[in-house]
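# Structure assessment
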Amino acid sequence: TAEVRKQWYQRRVRGDQTGRPPAVAHGPGRDIWELQNRLYLPTSDIDIVIFGEWLAPPLRTLERRLIENHIADPATMKVLDKASVPIIKLTDTLTKIKLDISFNTNNCLKSAEKISELLQHYPCLDKLVLVLKQFLLQRHLNEVFVGGLGSYCLTLMVVAKLQSCPRHRRGRLEDENFRCTSDRILRVLRGSV
């Protein structure tokens, strides 16, 4: 999955050999960041942040350009312009990878850095989060814009649980404790506590 994501990024952002234009043209003062950590499922989307100077995020302009350049199928696009963090959700026509594009959201970069720190401190964190992400995905509870729980919030909830257990504060979790903690978290999510 990581290799597919890397290839997508190289083709789409930098342009590919098929003559298709890059997804977003680079311009003065504009940078594109792909936010990625090892907490993604094979079906996870790629989060992209575009930085630039606009009075308002150019959601509709980008939507139109993505459709004109056959980068996104209009049927797969959703522009969430009323969300607290406005984004464009789409599926790439070439790779079928799902993308979330936002603008000037510096907090996403800080969040990605924080998750990296937490992953280093809690070696078991990725396993717990991935199990819970799959659990939420199977129940269609993973999309924030429809009332689900996002990855960042889920990760912080698991960290809070780990921090509340004295044996886990060192960042280590023995197999028995891993099963016990993951079972408790799943019971809470199922509502059987």
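In this text, all values refer to a predicted model and were calculated from it rather than measured experimentally.

Moving on to the packing of helix H3 (residues 106-121) against helix H5 (residues 151-164). The N-to-C vectors of H3 and H5 enclose an angle of 35°; their axes lie 11 Å apart at closest approach. Viewed along their axes, H3 and H5 form a crossing whose handedness is left-handed. Here Ser111, Lys114, Ile115 and Leu118 of H3 lie close against H5, whose contacting residues are Tyr152, Thr155, Leu156 and Val159.

In terms of burial, strand S5 (residues 98-103) is a largely internal element, five of the six residues being buried. Bridge analysis of strand S2 (residues 46-51) against S5 gives five bridges, and the strand direction is parallel. Opposite Ile50, over in S5, you have Phe103 as the bridge partner. Sheet analysis places strand S4 (residues 87-91) next to S5, joined by five bridges and oriented antiparallel. Directly across from Ile88, in S5, lies its bridge partner Ile101. Between the end of S4 and the start of S5, which pair antiparallel, lie six residues, with Lys96 showing a positive phi angle near 65°.

Phi is mostly negative for residues that are not glycine, and the peptide bonds are mostly trans. For Lys96, which is not glycine, the phi torsion reads 65° and is therefore positive. With respect to the helices and strands, the residue Lys96 is situated in the loop between S4 and S5.

So, on to the pattern of salt bridges. For side chains of opposite charge, pairing can occur when their charged atoms come near one another. This structure, assessed with the given rule, holds six salt bridges. In this structure, Lys127 engages Asp126 in a salt bridge whose closest nitrogen and oxygen atoms are separated by 3.7 Å. A residue is classified by how much of its surface remains accessible, and Asp126, at 13% relative accessible area, is buried. A single network of salt bridges, built from pairs that share partners, joins Arg60, Glu63 and Asp81.

How each quantity is defined
- Residues numbered from 1 in each chain as written.
- Predicted model: local features only at pLDDT ≥ 70, side-chain atom pairs only at ≥ 80, totals over all residues.
- Heavy atoms only, no water.
- Axes fitted to C-alpha atoms, helices over the stretch in contact; angles between N-to-C directions.
- Helix = DSSP H or I, 4+ residues; strand = E, 2+ residues; numbered from the N terminus.
- Left-handed = near helix turned anticlockwise from the far one by under 90°.
- Contact = heavy atoms within 4.5 Å.
- Buried < 20%, exposed > 50% of the residue type's maximum accessible area, 1.4 Å probe, protein only.
- Pairing = 2+ DSSP bridges.
- Salt bridge = Lys/Arg side-chain N within 4 Å of Asp/Glu carboxyl O.

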